[in-house]
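Chain by chain, the residues:
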Amino acid sequence: MEEDDTVCSIDARFANEVSALLNPPHPLHLQEYFDNVISRRQCRGIKVKQNGELGKGLYADLDFKEGELVLKDQMLVGIQHCSNKIDCLVCSFCFRFIGSIELQIGRRLYLQDLGVSVNHESDLETFKHIPEDCCRTDSSDGEDNSLMNNHDNLGNCASSSSKERFPLPREVVESLMNGELVLPYSKEFSLPPLVRCAGGCGEAYYCSKSCAEADWELSHCLLCTGESSKSLCREALLEFIQHANDTNDIFLLAAKVISSTILRYRKLKVTHLEEREKCAAPNVSGHSDISLLLEAWKPISMGHKKRWWDCVALPDDVDSSDEAAFRMQLKDLAFKSLQLLKAAIFSKECEPLFSLEIYGQIIGMFELNNLDLVVASPVEDYFLYIDDLPYPEKQEAEKVTRPFLDALGDDYSVCCQGTAFFPLQSCINHSCCPNAKAFKREEDKDGQAIIIALKPICKGEEVTISYVDEDLPFEERQALLADYGFKCKCPKCLGEEQ
């Protein structure tokens, strides 16, 4: 790792502040925080409690029946995987599918036809392509005929079971994407209209003005690459994003954490200064107030942390003799990412946040606590709806829909996929014989974490999920769980251990 006074020295100069930020919260403060989270979100029947050597855990405060919803948790931060953005257009804040069925299908075919790769900077401008009139989702009574009359342009139908894709004419795809062509029965699957980022980045889109405003105020105003961005350097921000897309998109989550903490700090400082002015007390600007910074950091302080380069499991293809070099490579990677982020959004008042120790532990928190973000695609529901239509409606509809299905190929319906950190879900401990699981129901259309009871859970009982495939042999489960830093002592493991 090369020396860099602007980054490396932060750990030394702000050693006390860094230590204070990483110091585990007092149990009373932790309990108060989670009680407030549960109250604000109106989560029924659960409570976070201290759990001895396991730290904290989630407990039932009521009886739950098998199949009953235990928890619906809103994410603290989350991202859609970059490669997934080709397949799915979703709200950048709540991850609900947006636009229309036509836009979802047309945009994906358009990008596939261009051979877009979101990991190459030269493709980014093309990847942002969303026609101005693509949001036109209102329907007329004759919508089924608007594409029926044009189906002769779609080419010959082919079997949708084939793994080969059958491209459609560019003008047909563009007409579908910009709303000129309407698919039969698509009105049965209406989606929220698309709202553009106010910063003009062309990368973030939303399902509503409220989601757009919430994301802007939470973190996006500093991470927006548009003309109205509040970042220090747009070029450095673009380079940071490209580096994350090329290496590990978990860096984007860390950037959201640092950005949101900076913005919370600034709001707290405004309130603090207003109160001091009322008291005619002097104030010193340009320096961080550690008490305000700790308050702004509080949501992050509650998550279990460990340095990323220490907690990542050693890959199977890396020999144990090379482990030290492997972990140093990870540290160098984080250092490079932090340098780029610092150039893009640095805040003098919040300088301790840009220490490598802080950055490494934020990423480590995600490594240990993240949950896969999955939202089912309405495109699958749409084609299943067509397939279930009675004859002759199905036959007539498929004259139009089959060419699009064949153009999409076997993987015609890809879920929105990403990663996110959920405050309450992250408190749930592991068991190889869990009483709950993360499971999206049919009605769950956004990125919230859903925890369902696998069996009856009694009041006072701890809610557990499995971090690994619980059907694996004992030795394999223990090896996988060692990556999380603990040895499982659940009843199943104790019974199988010899």
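Please refer to the structure higher up on the page.
Predicted model only: the values in this text are computed from it and were never measured. (Residues numbered from 1 in each chain as written. Predicted model: local features only at pLDDT ≥ 70, side-chain atom pairs only at ≥ 80, totals over all residues. Heavy atoms only, no water.)

J.: Just to check I follow, could you spell out the environment of Leu 238 for this structure?
T.: Note on placement: Leu 238 falls in helix H9 (residues 234-246). Taking the C-alpha atoms as reference points, Leu 238 and Ala 344, separated by 106 residues in sequence, lie 8.6 Å from one another. When near neighbours in sequence (up to four residues on either side) are disregarded, Leu 238 contacts Glu 203 and Thr 225. (Helix = DSSP H or I, 4+ residues; strand = E, 2+ residues; numbered from the N terminus. Contact = heavy atoms within 4.5 Å.)

J.: Any chance you could explain the sheet that holds strand S8 (residues 416-421) here in plain terms?
T.: Adjacent strands of a sheet form backbone hydrogen bonds with each other and so pair up, either parallel or antiparallel. The three strands lie next to each other as S4-S8-S7, forming an open sheet whose pairing is antiparallel. The sheet terminates laterally at strand S4 (77-80) and strand S7 (371-375), the two strands that pair on one side only. When strand polarity is set aside, the average angle formed by the axes of neighbouring strands in this sheet is 30°. (Pairing = 2+ DSSP bridges. Axes fitted to C-alpha atoms, helices over the stretch in contact; angles between N-to-C directions.)

J.: Can you help me understand the sheet that holds strand S10 (residues 436-438) in this one?
T.: Strand order across the open sheet formed by three strands is S3-S11-S10, with antiparallel pairing between neighbours. Every interior strand has two partners, whereas the edge strands, strand S3 (69-73) and S10, have only one. Put simply, the sheet's adjacent strands are angled 15° from each other on average, direction ignored.

J.: What's the story with the packing of helix H15 (residues 378-387) against helix H16 (residues 393-408) in this structure? I'm lost.
T.: Two numbers describe a pair of packed helices, the interaxial angle and the distance between the axes. Between H15 and H16, the shortest axis-to-axis distance is 10 Å and the interhelical angle comes to 145°. Here the hand of the crossing between H15 and H16 comes out left-handed. Where H15 abuts H16, its residues Tyr 382, Phe 383, Ile 386 and Asp 387 lie against Lys 394, Ala 397, Glu 398, Thr 401, Leu 405 and Leu 408. Of the residues assigned to the contact of H15 with H16, the class counts are six nonpolar, one polar and three charged. (Left-handed = near helix turned anticlockwise from the far one by under 90°. Nonpolar A, V, L, I, M, F, W, Y, C, P; charged D, E, K, R; others polar.)

J.: Please explain helix H17 (residues 474-482) as it appears in this structure.
T.: Because each turn of an α-helix spans 3.6 residues, side chains separated by three or four positions end up pointing in the same direction. Those residues of H17 that sit buried are Phe 474, Arg 477, Gln 478 and Leu 481. Down the axis of H17, the sector holding all buried residues measures 95°, keeping them to one side. Buried positions along H17 lie against strand S9 (429-430) and helix H18 (491-496). (Buried < 20%, exposed > 50% of the residue type's maximum accessible area, 1.4 Å probe, protein only. Arc of directions from axis to C-beta.)

J.: Help me understand the side chain of Ser 301, please; the structure alone is not making it clear to me.
T.: Along the polypeptide, Ser 301 turns up in helix H11 (residues 290-301). Here Lys 298 takes part through its backbone oxygen, which lies 2.7 Å from a polar atom of the side chain of Ser 301. (Polar contact = N/O pair within 3.5 Å; in protein donor to acceptor, adjacent residues only side chain to side chain.)

J.: Looking at this model, I keep getting lost on the nonpolar core. Mind explaining?
T.: Soluble, globular proteins show a tendency: their nonpolar side chains are buried together. Among the nonpolar cores identified, the biggest contains 96 residues, and Ile 105, Phe 240, Ile 258, Leu 353, Phe 354, Tyr 359 and Phe 366 are the most heavily contacted of them. Looking at this core, the element that brings in the most residues is helix H10 (residues 250-278), giving 11 residues. By size, the runner-up hydrophobic cluster in this structure holds 23 residues, among which are Leu 30, Leu 58, Phe 64 and Ala 436. (Core = buried A, V, L, I, M, F, W, Y, C linked by side-chain atoms within 4.5 Å.)

J.: What exactly am I supposed to notice about the packing of helix H4 (residues 101-114) against H15 here?
T.: It is the contact of H4 with H15, at a shortest axis distance of 10 Å, that shows an interaxial angle of 110°. Classified by the interaxial angle, the pair formed by H4 and H15 is roughly perpendicular. Each of Ile 101, Gln 104 and Ile 105 in H4 lies in contact with H15, whose residues at this interface are Pro 378, Val 379, Tyr 382 and Phe 383. Looking at the contact of H4 with H15, its residues break down into six nonpolar, one polar and no charged. (Parallel < 35°, antiparallel > 145°, perpendicular 65-115°, else oblique.)

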